[in-house]
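# Topology and contacts: notes
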Amino acid sequence: MKNKESLLAMATVKYTIGYDDRFVYVSPSWSVFAKENGAPQLADNAVIGRLIFDFLTGIDCKELYRMIFKHCRESNRKLIFPFRCDSPNIKRFMELHIISDSQGKLHFEAQLLKVTPRKYNVLLAKCTHRSDRMIKICSWCKLVEISKDHWVDIDTALEQHGLFNESDIPKLTHGICPNCYVSFASRYKK
Ligand SMILES: [Zn+2]
């Protein structure tokens, strides 16, 4: 985050998908956010007409979103989820609001609630050289799976477990941790 203006710009990112789950609208703040987070190819109207699922990685994640979208369209209630959107120097605590309309469109608003500084975490750096090793990170709470079914905070993973050194920074793949999965599934599974 470079200045106050960009902080405000990304305070609320809005986007809308149609009944067919394709993007029909993204707010100007979407573009600011995309550019600041190393994804300029998604800025402006590049995603309009594209399926939202093309941008979600991991089978668990896609399944979860399908479940949430279905629930949202059927219930006509606004759904609110906390999530994290971190960078190497900061933790961003955010909230995603989803509401459907009578045409089955889903309107998303991602709001920034709080920003706290962190000790630089190389795992979250964009341009770091990565080894072939893969490690799963939960898209919602940012826990990482350091061994089979063992999930820890991403800063703890770096500091206490000493698993990563300069020549062995693993690639991150996005998924969902068991806690988040159970929490979402219990709320939205039919
Ligand atoms: Zn999680």
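To keep things clear, this report deals only with the structure shown in the data block.

What counts, and at which threshold
Residues numbered from 1 in each chain as written. Predicted model: local features only at pLDDT ≥ 70, side-chain atom pairs only at ≥ 80, totals over all residues. Helix = DSSP H or I, 4+ residues; strand = E, 2+ residues; numbered from the N terminus. Pairing = 2+ DSSP bridges. Axes fitted to C-alpha atoms, helices over the stretch in contact; angles between N-to-C directions.

Before going further, it helps to spend a moment on unusual backbone geometry. Phi is positive for Asp21, close to 70°, though the residue is something other than glycine. Here Asp21 lies in the loop between strand E1 (12–17) and strand E2 (23–26). Located in the positive-phi region is Lys142, a residue other than glycine, with phi close to 70°. For Lys142, the location among the structural elements is in the loop between strand E6 (134–138) and strand E7 (143–147).

What follows concerns the sheet that holds E7. Think of a sheet as strands paired side by side through backbone hydrogen bonds, with each pair either parallel or antiparallel. Spatial ordering of the open sheet is given by E8-E7-E6-E9, a layout of 4 strands whose pairing is mixed. Since the sheet does not close on itself, it has two edges, and those belong to strand E8 (150–153) and strand E9 (171–175), each with one partner. Put simply, the sheet's adjacent strands are angled 40° from each other on average, direction ignored. In the sheet, E6 pairs with E9 via 5 bridges, with the strands oriented parallel. Residue pairing across strands places Met134 opposite Lys171, the latter belonging to E9.

With that settled, consider the pairing of E7. As paired strands, E6 and E7 are joined by 2 bridges and run antiparallel to one another. Its bridge partner lying in E7, Ile137 is registered against Val144. Between E6 and the antiparallel strand that follows it, E7, lie 4 residues; Lys142 among them carries a positive phi value of about 70°. As paired elements, E7 and E8 share 4 bridges and run antiparallel to each other. Along E8, the bridge assignment pairs Val144 with Val152. Hairpin geometry of E7 and E8 is characterised by an intervening segment of 2 residues between the two adjacent antiparallel strands and by a positive phi of about 60° at Asp149.

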